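Given next are the chains, with one letter for each unit.
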Amino acid sequence: GLLEDELRINPDVASIRWQTDGMVVEVSNREVPTAAYPEWFRRFVPIRDQVSTYPVTLVGEGRASLGLTPSTVAAVNSVWRTLMVQVKISAAIVFTIFFLLTLILRSTGAMQRRLALATDQFKSGDYSARMQVTGTSEARAMASTFNAMAQEVQTLVQSLLTSERQQREQLHFTQQLINAFPVPMFVENTSGICTRVNTAWEHLFRANAASLVGKPMQDIFNTMQLVDTQGSPLRQTGEDFLAEQELHVVTPDGQALDALYWQAGFTTADGVSAGKICAMVDITLRRQAQAALRAEKERAEVTLSSIGDAVITTDLRWRIDSINTVAQQLTGWTSDLALGSPLTHVFELMDVPGQSPSGPTWSDVLTVRTVVHASNQVLVSHAGQHFTIEYTASPIAKADGTPMGCVLVFRDVSEKRYLMQQINWLAHHDELTGLSNRSGLGEQFQRAIFRAKYLGCLQAVCLIDLDHFQQVNDQLGNAVGDRLLKEVALRLGNAAVGDDSAARLGGDEFVLLIGGQTDVGAIMQCVDRVLADLARPYVIHDSTIHLTASAGVAIYPDDDVNPDTLLRHADQALYQAKQTGRNCSHFFDASLDKEVETRHIQRTRIHRAVVDGELRLYYQPKVNMRTGEVCGMEALLRWQHPEQGLLGPLHFLPRVENDDVIIEIGEWVLQQAMQQLRIWLAQGKRWRVSVNIAARHFQLKDFVVKLKAVLADFSDVPAELLEIEVLESAALEDVQHVCNVMLECQALGVTFALDDFGTGYSSLAYLKRLPADTLKIDQTFVRDMLDNTDDLALVSAVIGLARVFNRHVIAEGVESTSHGVQLIRLGCDFAQGYGVARPMPADAVLPWACDFRPAPEWAQAALAG
């Protein structure tokens, strides 16, 4: 019991053992506490379960032992509990520390983020960025410090930006200023490297500034044609280099210039040399002006020496400064003797009664300051010779009018008198023939009219024109033509007897004034005799020339008008003689004057229309009705009259069909047609164009020659694309000539068509002889063939003739689809007319051709045939 009580008192004792010699009592503590610690913790606690035995001496010499087995659980539990308390305390401390650190770090991180944001804004150019002054005292201090620094930086940056902008503006202005200079300029640094060139330099040498900047200027010069006055290339180095020198420049485009090369150094703000500014000033015009001035001076000296007039110049004291060669010859004074001598010694005039000039003389020029003219003066030369002269004396003045001296110009008037006589003769006579000209004729005319009035007789004005004289010039040359005119003038001069006179108006037109006659019959005999004389053969340079003349005659006082009107009436009569057939004369009839004048005015107006470009060519298409192909065009003449509008050929061509104007029109049409062919060929259209040639034009002897010239002018246009249309009636006038011309033209490649075939009543023999390529059926037959059986039979006959003689055939006047169908059935596939297209301007042809669609009935008729 005792032991158990002890165990209850001492919970740290696990058991008590009492051992005597005869007895062993061991009591275990049932109150031992349970381990509150983990098993692993026990290994770290140094408390061990150690059994202690204590000996006990009993009363009566007996021995016993007390064994105590302690329990470490409670101690370890105590340690564990203490440890756990400490751990909790430590954890609380650590948590508190970490919590405080977290707060501090979060505060520091926010401050750093605000700092980083403000710094980034600053870096991106937002110099107004600031930090918010919040947080801890350190954060607020840092924000205040950053904001103060940012303010200073912003102020500094703004100042720098302002300064930089000012510098950029100044630099930009400087660059604009340099580029605005028309003088080529460049800038190089102290190392000779190009740092800038202006626009004028780029334009002059055709070089881009980017390709020059950064390169040595000497290398740039070596690639350019820059040479000095000695021909050496420009060099910027060396002792012999001049800061200003003249150069000869050849630009890349081959333009040669004279330039003044100039350079000057420039420094930095500290006065340190920074490079050179160089420029080239174009002095070409100055050089040219200097050269011109030198040439002008030399030319003046040469002129003074070479002109026919004598010239002496003096100073204010009348001392001779210069004397030209002619003046030396007239005065007899050489230049060495005359220079510096008084003018009165060299230019000595003799006082001759009646030959003194009125008003001031040359000695008064410097006082009255005026120009003095004098004539019929006698000059005494150094050798005593006398010359009759006229002179002009003028003061020589500076720009402000102050006199510097006198210039004296004089000449020998005997030569002038001779020349005046010559001029007077030439003014009234024709230089080639020696006959009177129009001016001389006027004076003779007035005297002839006066004599006719005084004597009461007739005065005839005979205007004579040589027939086909131009052909003589063209075939034999102008020299033969001039000789022929002289021979004609000689014969007319011989025919002018008594009071008669002859004159040449110009070209091959002559006038013969026949006076002293009492009746018209006598005048007619005289005129016939003159024409017969002019028709006699001329032998010139071993060539015999047969030439005739036509004459128009107006008679006074039957035609009681002034001389100019008489001459105009003679011209109208001459026109009538030409129209009659040439080699004849025609007397002016006042009753027919209006009609002739009207025809003459109309002919002149049509001729002016050719010259003024009022004529137009319209084109009427020709088509193959069987295939639907556009195969050619006919050129048709129109007159764009300024007042009457567009006129057809019938309104004006009949008025000139017997006149040479029709030839001019035909040549114009050929030129225009060939030009249009060239344009269509360039556009890919190989159409044949036919032109109508009048009989008068076609019958010219040089028609083939002129046609060759036209074809040569358009050598890029094939000749076979040109077709000439000749009226059947015109071809029958001279079948052999027409045949020969056709053959010569066909040899050149040109084709022919007989126009209006069926109206000329030609025989089969004529048709066989004419080598025409195409027969054109007259539109009057084609237009009425649907209603008139005779016309239908005639059309069919022409088509049959064309087939027999192996000719092409084309029908004019196709005005409807039915006409085309009938022609296809008869065997004629080619047609033109309003049923195909009306004549149109050249610029409307291509659009029409693109839109042209043949009538479906034509294709059906072709299939049926």
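If you're wondering where the values come from, they're calculated on a predicted model, not measured in any experiment. (Residues numbered from 1 in each chain as written. Predicted model: local features only at pLDDT ≥ 70, side-chain atom pairs only at ≥ 80, totals over all residues. Heavy atoms only, no water.)

*Asks:* Is there a simple way to explain the pattern of salt bridges in this structure?
*Replies:* Opposite charge on two side chains allows them to pair when their charged atoms are near. All chains considered together, the criterion is met by 27 salt bridges. Of the charged contacts in the structure, one is a salt bridge between Lys776 and Glu812, with a shortest N-O distance of 3.2 Å. Here Glu812 lies in the loop between strand 31 (808-811) and helix 28 (817-826) and Lys776 lies in strand 30 (residues 774-777), a separation of 36 residues in the sequence. Across the pair, exposure class does not vary: Lys776 and Glu812 are buried alike. When salt bridges with common partners are traced through the structure, they connect Lys622, Glu634, Glu723, Glu725, Lys776 and Glu812 into a single cluster. (Salt bridge = Lys/Arg side-chain N within 4 Å of Asp/Glu carboxyl O. Helix = DSSP H or I, 4+ residues; strand = E, 2+ residues; numbered from the N terminus. Buried < 20%, exposed > 50% of the residue type's maximum accessible area, 1.4 Å probe, protein only.)

*Asks:* Honestly, the pairing of strand 2 (residues 24-28) in this entry has me stumped. Any pointers?
*Replies:* Put simply, side chains in a regular strand alternate between the two faces of the sheet. The pairing of strand 1 (residues 13-20) with strand 2 spans five bridges and is classified as antiparallel. What sits directly across from Gln19, in strand 2, is Val24. The hairpin turn running from strand 1 into strand 2, its antiparallel successor, is three residues long. (Pairing = 2+ DSSP bridges.)

*Asks:* So what exactly am I meant to see when it comes to a nonpolar patch on the surface here?
*Replies:* On the surface, Val85, Ile89, Ile93, Val94, Ile97, Phe98, Leu101, Ile104 and Leu105 cluster together into a nonpolar patch covering about 820 Å² of accessible area. Tracing the backbone through its elements, the reader meets Leu101 in helix 3 (residues 73-123). (Patch = residues over 30% accessible without salt bridge, like charges linked within 9 Å, V, L, I, M, F, W, Y side chains within 5 Å. Areas by Shrake-Rupley, 256 points an atom, 1.4 Å probe, with all protein chains shown as cover.)

*Asks:* I keep staring at the sheet that holds strand 14 (residues 372-380) and nothing clicks. Help me out?
*Replies:* Sheet strands pair via backbone hydrogen bonds, and the direction of the pair is either parallel or antiparallel. In space, the six strands of this open sheet follow the order 12-11-16-15-14-13, with antiparallel pairing throughout. Looking at which strands have only one partner, the edges of the open sheet turn out to be strand 12 (320-323) and strand 13 (348-350). Sheet twist, expressed as the average angle between the axes of neighbouring strands with direction ignored, equals 40°. Bridging between strand 15 (residues 386-397) and strand 16 (residues 403-412) involves nine bridges; their strand directions are antiparallel. Note that in strand 16 the partner of Ala397 across the bridge is Pro403. (Axes fitted to C-alpha atoms, helices over the stretch in contact; angles between N-to-C directions.)

*Asks:* What should I look at first to understand the sheet that holds strand 17 (residues 458-466) in this one?
*Replies:* In spatial order, the strands read 18-19-17-22-23; together these five strands make up an open sheet with mixed pairing. On the outer flanks of this sheet lie strand 18 (501-506) and strand 23 (585-587), each paired with one strand and no other. Sheet twist, expressed as the average angle between the axes of neighbouring strands with direction ignored, equals 20°. Taken together, the eight bridges between strand 17 and strand 22 (residues 549-556) define a ladder with antiparallel strand orientation. By the bridge assignment, Val461 is partnered in strand 22 with Ala554.

*Asks:* Just checking my understanding: could you explain the layout of surface pockets for this structure?
*Replies:* Left-over empty space is what a probe sized like a water molecule reveals as it rolls over the atoms. Roughly 360 Å³ of internal volume is contained in the second largest pocket. Around the second largest pocket, the lining is made up of 18 residues, and of these Lys622, Cys631, Arg688, Glu723 and Phe830 lie nearest the centre. Breaking the lining of the second largest pocket down by element, the ones donating at least two residues are strand 25 (629-641), strand 30 and strand 31. Sort the elements by how many residues they give to the lining of the second largest pocket and strand 25 lands first, with four residues. Its residues assigned to classes, the lining of the second largest pocket comprises eight nonpolar, three polar and seven charged. (1 Å grid on protein atoms, 1.4 Å probe; cavity = no way out; pocket = protein on both sides within 12 Å on 5 of 7 lines; lining within 4 Å. Points joined across faces, edges and corners; volume = space filled by probe spheres on them. Nonpolar A, V, L, I, M, F, W, Y, C, P; charged D, E, K, R; others polar.)

*Asks:* Honestly, the pairing of strand 14 in this entry has me stumped. Any pointers?
*Replies:* Judged from the three bridges that link them, strand 13 and strand 14 form a sheet pairing that is antiparallel. Pairing of Glu348 across the sheet is with Val380, part of strand 14. With seven bridges joining them, strand 14 and strand 15 adopt antiparallel strand pairing. Bridge pairing links Val378 to Thr388 in strand 15. In this structure, the hairpin formed by strand 14 and strand 15 is closed by a connection of five residues, where Gly384 is found at a positive phi of approximately 95°.

*Asks:* Got a minute to help me understand the packing of helix 28 against helix 30 (residues 856-864) in this structure?
*Replies:* When two helices pack together, their arrangement is given by the angle between their axes and by how far apart the axes lie. Between helix 28 and helix 30, the least distance of the axes is 9 Å, while the angle of their chain directions is 15°. Our classification of the angle between helix 28 and helix 30 gives roughly parallel. Regarding helix 28 and helix 30, the two cross each other, and that crossing is right-handed. In this structure, helix 28 uses Thr817, Gly820, Val821 and Ile824 to contact helix 30, whose residues at the interface are Glu857, Trp858, Ala861 and Ala862. (Parallel < 35°, antiparallel > 145°, perpendicular 65-115°, else oblique. Left-handed = near helix turned anticlockwise from the far one by under 90°. Contact = heavy atoms within 4.5 Å.)

*Asks:* Teacher, can you tell me more about helix 27 (residues 789-804) here?
*Replies:* Given 3.6 residues per turn, any residue in an α-helix points the same way as the ones three and four places further on. Counted at 1.5 Å a residue, the expected span for helix 27 with its 16 residues is 22 Å, and the 22 Å between its end C-alpha atoms agrees. Within helix 27, the full set of buried residues consists of Asp791, Val795, Val798, Ile799 and Ala802. Projected down its long axis, helix 27 carries its buried residues within an arc of 95°, all on one side. For helix 27, exposure combined with an orientation more than 90 degrees from the buried face picks out Thr789, Asp790, Arg803 and Val804. Of the surrounding secondary structure, the elements contacted by the buried residues of helix 27 are strand 29 (751-757), strand 30, helix 26 (779-784), strand 31 and helix 28. Two to three positions downstream of the cap, the backbone nitrogen of Asp790 sits 2.8 Å from a side-chain oxygen, assigning the N-cap of helix 27 to Asn788. Positive phi appears at Asn806, one or two residues downstream of helix 27, with a value of about 60°. (Expected span 1.5 Å × (residues − 1). Arc of directions from axis to C-beta. Polar contact = N/O pair within 3.5 Å; in protein donor to acceptor, adjacent residues only side chain to side chain.)

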